[in-house]
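One-letter residues, chain by chain:
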Amino acid sequence: GIQVEQSPPDLILQEGANSTLRCNFSDSVNNLQWFHQNPWGQLINLFYIPSGTKQNGRLSATTVATERYSLLYISSSQTTDSGVYFCAVSSNTGNQFYFGTGTSLTVIP
Amino acid sequence: GAGVSQTPSNKVTEKGKYVELRCDPISGHTALYWYRQSLGQGPEFLIYFQGTGAADDSGLPNDRFFAVRPEGSVSTLKIQRTERGDSAVYLCASSKSGGPWGEQFFGPGTRLTVL
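Residues numbered from 1 in each chain as written. Chains lettered and ligands numbered in written order. Predicted model: local features only at pLDDT ≥ 70, side-chain atom pairs only at ≥ 80, totals over all residues. Heavy atoms only, no water.

Participant: Go over the overall build of chain B with me, naming the residues and quoting the values.
Facilitator: In terms of regular secondary structure, chain B is built from zero helices and 11 strands. In chain B, the succession of helices and strands from N to C terminus is β-β-β-β-β-β-β-β-β-β-β. By its C-alpha atoms, chain B is 40 × 25 × 25 Å across when sized along the principal axes. Counting all 115 residues of chain B, 46% fall into the buried class. Sequence separation of 24 or more characterises 55% of the internal contacts of chain B that already satisfy a separation of 6 or more. A total of about 5400 Å² of accessible surface is found on chain B, and carbon and sulfur atoms cover 48% of it. Counting 12 positive and 11 negative side-chain charges, chain B places the centres of these two groups 5 Å from one another. (Helix = DSSP H or I, 4+ residues; strand = E, 2+ residues; numbered from the N terminus. Buried < 20%, exposed > 50% of the residue type's maximum accessible area, 1.4 Å probe, protein only. Contact = heavy atoms within 4.5 Å. Areas by Shrake-Rupley, 256 points an atom, 1.4 Å probe, with all protein chains shown as cover. Lys, Arg positive; Asp, Glu negative; His and termini not counted. Charge placed at Lys NZ, Arg CZ, Asp CG, Glu CD.)

Participant: So what about the interface of chain A and chain B? Which residues, and what values?
Facilitator: Of the residues lining the interface, 17 residues belong to chain A; the matching set on chain B comes to 20 residues. For the pair chain A and chain B, the summed buried surface comes to about 1600 Å²; carbon and sulfur atoms form 50% of the total. It is N95(A), Q96(A) and F97(A) in chain A that bury the most area against chain B; as a group they hold 31% of the surface buried on that side. Taken together, chain A and chain B are joined by zero salt bridges. On inspection of chain A and its partner chain B, the count reaches seven residue pairs in polar contact (both at pLDDT 80 or more). Here the side of chain A that touches chain B gets five residues from one element, more than from any other, and that element is strand 4 (residues 29-37) of chain A. Residue composition of the side of chain A that touches chain B, by class: six nonpolar, 11 polar and no charged. (Buried area = accessible area lost by both parts, 1.4 Å probe. Salt bridge = Lys/Arg side-chain N within 4 Å of Asp/Glu carboxyl O. Polar contact = N/O pair within 3.5 Å; in protein donor to acceptor, adjacent residues only side chain to side chain. Nonpolar A, V, L, I, M, F, W, Y, C, P; charged D, E, K, R; others polar.)

Participant: Explain the pattern of salt bridges residue by residue, including any values.
Facilitator: In the structure shown here, the tally under the stated rule is four salt bridges over all chains. One salt bridge in this structure joins R58(A) and D81(A), with 2.9 Å as the shortest N-O distance. Taken as a pair, R58(A) in the loop between strand 6 (52-56) and strand 7 (59-64) and D81(A) in the loop between strand 8 (69-74) and strand 9 (83-91) lie far apart in primary sequence, 23 residues in all. Given a relative accessible area of 7%, D81(A) falls into the buried group. Of the charged contacts, one joins R64(B) and E83(B) as a salt bridge, the two residues approaching to 3.6 Å between their closest N and O atoms. Linking R64(B) in the loop between strand 6 (53-56) and strand 7 (65-68) with E83(B) in the loop between strand 8 (75-79) and strand 9 (88-95), this pair joins segments that are 19 residues apart in sequence. When salt bridges with common partners are traced through the structure, they connect R64(B), E83(B) and D86(B) into a single cluster.

Next up, the structure:
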């Protein structure tokens, strides 16, 4: 299966700071999604982004499929951004959806 | 419209018992997935349904685990002879288009604890 690596594993930010989360994957993909898992365990869809760039408010994401990585940008972070951010991908040749190990973000006031 | 729903939200059982976990996908979504998430880990794929049939069950850990989706909507994950190692959060997701390349939407999960 595809290997998905996320970095950094942990991140602590002061409220208002910006951050970049990275997702590297080992094969060609036809689906890439970023999720935020809140403290109650709910996975919230942030972006469906197998390629290109998208923006939604303070969040934006870029996937460079040819170089097998994706970036999630969080600007002007807020305490409600705290939680675990997951990247997940599926390959062109399989049915499975593979999650990375996540980045745990803590935003302190 | 309503999102993916899962029941129960929490299930505590004793080792050796049988449990059923239910998933109601988003209306109109033909694809349905089950995942298992252990503490500190990302979700791991268990099984994928396209309509009523299991298109890929390669993630089921052993034959104690079984899932059905008889009418192409609601799905039930069944675990026989539960073991303490089965304790985890079981997540369900659905997508409008077939295959894992469609955008997946997740339910809140069922937290299973096997004593």
